[in-house]
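# Structural description and commentary
Single-letter residue listing:
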Amino acid sequence: MFIGPLEVTSCHIYYHNAQHLDLEIREIITVNQWKKMEEVCDSSAAASSTVQNQPQDQEHPWPYLREFFSLSGVNKDSFKMKCVLCLPLNKEISAFKSSPSNLRKHIERMHPNYLKNYSKLTAQKRKIGTSTHASSSKQLKVDSVFPVKHVSPVTVNKAILRYIIQGLHPFSTVDLPSFKELISTLQPGISVITRPTLRSKIAEAALIMKQKVTAAMSEVEWIATTTDCWTARRKSFIGVTAHWINPGSLERHSAALACKRLMGSHTFEVLASAMNDIHSEYEIRDKVVCTTTDSGSNFMKAFRVFGVENNDIETEARRCESDDTDSEGCGEGSDGVEFQDASRVLDQDYGFEFQLPKHQKCACHLLNLVSSVDAQKALSNEHYKKLYRSVFGKCQALWNKSSRSALAAEAVESESRLQLLRPNQTRWNSTFMAVDRILQICKEAGEGALRNICTSLEVPMFNPAEMLFLTEWANTMRPVAKVLDILQAETNTQLGWLLPSVHQLSLKLQRLHHSLRYCDPLVDALQQGIQTRFKHMFEDPEIIAAAILLPKFRTSWTNDETIIKRGMDYIRVHLEPLDHKKELANSSSDDEDFFASLKPTTHEASKELDGYLACVSDTRESLLTFPAICSLSIKTNTPLPASAACERLFSTAGLLFSPKRARLDTNNFENQLLLKLNLRFYNFE
């Protein structure tokens, strides 16, 4: 700012440092001149304050009335408005901040010709707001700033349907007053769907979902199923899940097909009838290549009597018997008649009443038998038996006390920040996980923590030999638990994983012999159990071929040439029909060339097989470059090695079929359960 000429003293003004400029000026200005400067500054500040207090156009409380009124001042509760139409007269009108009604009255009295234009402006535009310094104005409502989105009753009902299905909530939820209040609070004026309507809508949704599942399975050529039985609340059910591989992406897809009520005894005929009806309902009877179940005697007999393999044998046997009878009759003459009991012939069952696919035993169930039943054969060794009973007697005492007493559980947690796990006979790997938790506490918290836990629970402490035995036992059972986890997977596991996993398990157990001191008998018992329970699978050419047709394994998973040869022969035999179809399509008909079959063939499938075996890529997508190999690989690897998918279905069913819902109708139970498990096949929108 320019100050003007100043009388300064003899000292010179230096502007070397801008921060000391004000101090230097004050030193050189006389007292009188400084007072004059303050007066000038005060007057300029007052002038600027006067200018700031003057109302401006942008502060007009009703901008759409600028052509009639201008703001001249502001009071506590009102605005002073100057009428533009009254100029050159200075006419001021006082208008409340909440309403410009006084301005309208002034127009009616003094300028009636402008009333129509005034009314038009007020009808088209609303008041924008008061000026920023009007502190007493009314607060705007949320609805005026953020308009509430109104949802239709149909959308609300779909949201309620999704909530009931995904959360497995009871149908009576919609009758709760608190639920109705919640809906009315979020969306006023909407009535909540009733329980009967909810049941009918869930039934309609289940029907649509089943149609979509059927349509999805109709697009694939091969399907596998898993089946098991489940009992809860004195009711029995049979569960079925379906699994298939997308031929384009080679990704596995799954769907829950049924969880139907079983009445009466679970005989093999009842199970066969139920499975046949479910396959027929979804139109997959001719597509199911294999069904995986546990080793229950009723399931085993159902597939032994009504399975496709048995039907083929029965058909061949009857054909041979018929041929023999015809030949004998021709030799004796046409007059020979043999009479048979008609009732015995009608009652005879050749296994054609139901049609069941090939049966596959659950590998996880077999491994569980190996680790529980077959492992007990190691107790024939007296030294192992003594240590085993001593160690697991103490472990069982720890598990019992920690699960039955809250004080004992608190003592364990205070020492190790962990809780002991208790084995469950119906859970795979549960004993191994319980033992591993004890070793984990000893490793992380120290052996002193385990000693304190034993002291608090009044259980004898493990001696060094027992701790070593427990460690060896866990190291021996760890590969078994690992294989169980691999085979019970559902998304990234195929039947071809079965034999390589079991073979590697056997090799790992064999290597443990050199490092064990006490658990050698356990290893021998496990090896014997694996050999007994999985021997027939290592002799099945289809299961061997399934492993060879996976790029991850091919022929490198075993050194047994006999096993590899058995699988390769199966592959070559089943690749020939594909090659033969191509040759028939490219060759002329028999009418044109009767000797066309004598022409040399190219055997493209055999060349493709050689190329597949020589390929170094182990990714699943590499199969797409070998169409014939890929097709056969999908067929052989569609089945699952374990029935764990059906166990997961029952696990979800247990959450739905709770004690408070024990009277739930079986149809409503199945509809809600299948919708929960097959959400991707139903669109709630």
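Residues numbered from 1 in each chain as written. Predicted model: local features only at pLDDT ≥ 70, side-chain atom pairs only at ≥ 80, totals over all residues. Heavy atoms only, no water.

Scanning the protein from N- to C-terminus turns up 26 helices and 8 strands. Looking at the protein as a whole, 40% of its 685 residues qualify as buried. Looking at the protein alone, contacts between residues at least 24 apart form 67% of all its contacts between residues at least 6 apart. Of the roughly 39700 Å² of accessible surface on the protein, a fraction of 52% belongs to carbon and sulfur atoms. (Helix = DSSP H or I, 4+ residues; strand = E, 2+ residues; numbered from the N terminus. Buried < 20%, exposed > 50% of the residue type's maximum accessible area, 1.4 Å probe, protein only. Contact = heavy atoms within 4.5 Å. Areas by Shrake-Rupley, 256 points an atom, 1.4 Å probe, with all protein chains shown as cover.)

Glancing now at the pattern of salt bridges. Any two side chains of opposite charge can pair, so long as their charged atoms come close to each other. If you walk through the whole model with that rule in mind, you get 13 salt bridges. We note a salt bridge from K210 to E281, for which the minimum N-O separation is 3.6 Å. Placement of the pair is K210 in helix α8 (residues 195-218) and E281 in helix α9 (residues 268-281), with a sequence separation of 71 residues. Taking the relative accessible area as the measure of exposure, K210 reaches 15% and is therefore buried. You can call E281 partly exposed: its relative accessible area is 36%. Here R533 and D374 are joined by a salt bridge, their closest N and O atoms 2.8 Å apart. Linking R533 in helix α20 (residues 520-538) with D374 in the loop between α13 (363-372) and α14 (382-404), this pair joins segments that are 159 residues apart in sequence. The exposure class assigned to R533 is partly exposed, which follows from its relative accessible area of 22%. Sharing partners across several salt bridges, the network here consists of K210, K260, E281 and E670. (Salt bridge = Lys/Arg side-chain N within 4 Å of Asp/Glu carboxyl O.)

This part is about the packing of α9 against helix α10 (residues 297-306). Running from N to C, α9 and α10 cross one another at 70°; their axes reach a closest spacing of 8 Å. One finds that α9 runs roughly perpendicular with respect to α10. The two elements α9 and α10 cross, and the hand of that crossing is right-handed. Listed contacts from α10 to F268, E269, L271, A272 and M275 of α9 are N298, F299, K301, A302, F303, V305 and F306. Split by residue class, the contact of α9 with α10 holds 9 nonpolar, 1 polar and 2 charged. (Axes fitted to C-alpha atoms, helices over the stretch in contact; angles between N-to-C directions. Parallel < 35°, antiparallel > 145°, perpendicular 65-115°, else oblique. Left-handed = near helix turned anticlockwise from the far one by under 90°. Nonpolar A, V, L, I, M, F, W, Y, C, P; charged D, E, K, R; others polar.)

Moving on, we get to empty space enclosed by the protein. Scanning the model with the defined rule gives 3 cavities of 30 Å³ or more in all. In this structure, the largest cavity is lined by V289, C290, K358, Q360, L495, E542, I543, T636 and P639. Mapped by element, the contributors of at least two residues to the lining of the largest cavity are β7 (288-293), β8 (358-361) and α21 (541-548). Grouping the amino acids of the lining of the largest cavity by side-chain chemistry returns 5 nonpolar, 2 polar and 2 charged. (1 Å grid on protein atoms, 1.4 Å probe; cavity = no way out; pocket = protein on both sides within 12 Å on 5 of 7 lines; lining within 4 Å. Points joined across faces, edges and corners; volume = space filled by probe spheres on them.)

Another aspect to go through is the confidence of the model for the protein. When pLDDT is averaged along the protein, the result is 81, and 77% of the positions lie at 70 or above. Long-range and interchain partners of residues 126-137, a stretch whose pLDDT sits below 50, account for 18 contacts in this model, where long-range means more than four residues apart. Segment residues 310-335 is flagged for pLDDT under 50; beyond a separation of four residues in sequence, or across chains, it makes 14 contacts in the model. (pLDDT = per-residue confidence, 0-100.)

As a further point, take the nonpolar core. Among the nonpolar cores identified, the biggest contains 95 residues, and L498, F534 and W557 are the most heavily contacted of them. Looking at this core element by element, the count peaks at 11 residues for helix α18 (residues 464-487). In contact with L498, not counting residues within four places along its chain, are Q360, A363, L487, F534, M537, I543 and P641. Ranked by size, the runner-up nonpolar core spans 51 residues in total, among them V156, A242, A255 and Y682. (Core = buried A, V, L, I, M, F, W, Y, C linked by side-chain atoms within 4.5 Å.)

Time to look at the side chain of T173. For T173, the position within the fold is in the loop between α6 (153-166) and α7 (177-186). For T173, a relative accessible area of 9% corresponds to the buried category. Non-local contacts of T173, meaning those with residues more than four positions away in its chain, are made with Y163, I164 and F179.

Ordered in space as β1-β2-β3, the 3 strands form an open sheet in which the pairing is antiparallel. Edge strands, defined here as strands with exactly one partner in the open sheet, are β1 (69-74) and β3 (92-96). In this sheet, neighbouring strand axes are inclined to one another by 35° on average, regardless of whether the strands run parallel or antiparallel. Direction of pairing for β1 relative to strand β2 (residues 78-83): antiparallel, over a ladder of 5 bridges. Within β2, the position partnered with L71 by the bridge is M81. Its contacts with the sheet place helix α3 (residues 101-110) against β1, β2 and β3, and it is angled at close to 140° to β3. (Pairing = 2+ DSSP bridges.)

Here the focus is the side chain of N678. Mapped onto the elements of the fold, N678 is located in the segment after α26 (666-677). A polar atom in the side chain of N678 sits 2.8 Å from the backbone oxygen of A256. Beyond its immediate chain neighbours, meaning those up to four positions away, N678 contacts M209, V213, A255 and A256. (Polar contact = N/O pair within 3.5 Å; in protein donor to acceptor, adjacent residues only side chain to side chain.)

With that settled, the discussion passes to the packing of helix α15 (residues 406-416) against helix α17 (residues 447-456). For the pair α15 and α17, interaxial distance at closest approach is 9 Å and the crossing angle is 165°. The orientation of α15 relative to α17 falls into the category roughly antiparallel. When the axes of α15 and α17 are compared, the crossing they make is right-handed. Judged by residue contacts, A411, V412, E415 and S416 of α15 engage A449, N452, I453 and S456 from α17. Residue composition of the contact of α15 with α17, by class: 4 nonpolar, 3 polar and 1 charged.

This next bit is on the sheet that holds strand β4 (residues 223-232). A sheet is described by the order of its strands in space; here 5 strands give the open sequence β6-β5-β4-β7-β8, paired in mixed fashion. Both outer strands of the open sheet, β6 (252-262) and β8, are each paired with one neighbouring strand and no more. Here the strands of the sheet are splayed against their neighbours by 25° on average, with no regard to which way each runs. Pairing of β4 with strand β5 (residues 235-245) involves 9 bridges; the strand directions are antiparallel. By the bridge assignment for β5, T227 is matched with V240. Here α26 sits on the sheet in contact with β4, β5 and β6, set at roughly 170° to β6.

All chains considered together, the criterion is met by 17 aromatic pairs. Centre to centre, the rings of Y163 and F179 are 6.0 Å apart; their planes meet at 25°, and the pair counts as stacked. Taken together, the positions of Y163 in helix α6 and F179 in helix α7 put the pair 16 residues apart, joining distant regions of the chain. Take Y163: its relative accessible area is 39%, and that puts it in the partly exposed class. Here the aromatic rings of F657 and F669 are separated by 5.3 Å at their centres, their planes lie at 50°, and the arrangement is tilted. Within this pair, whereas F657 is found in the loop between α25 (644-656) and α26, its partner F669 is found in helix α26, the two being separated by 12 residues in sequence. Under the relative-accessibility criterion, F657 is labelled buried at 1%. Members of the aromatic cluster, joined through ring pairs, are W230, F237, F650, F657 and F669. (Phe/Tyr/Trp six-rings, centres within 6.5 Å; stacked < 30°, edge-to-face > 60°.)

The phi torsion of most residues other than glycine is negative, and most of the peptide bonds are trans. Here L87 and P88 are connected by a cis peptide whose omega angle stands at 10°. Unusually for a residue other than glycine, R234 sits at a positive phi of about 65°. Positionally, R234 belongs in the loop between β4 and β5. Of note, the phi angle at L250 is positive, near 60°, even though the residue is not glycine. Of the residues examined, L250 reaches a relative accessible area of 5% and is grouped as buried.

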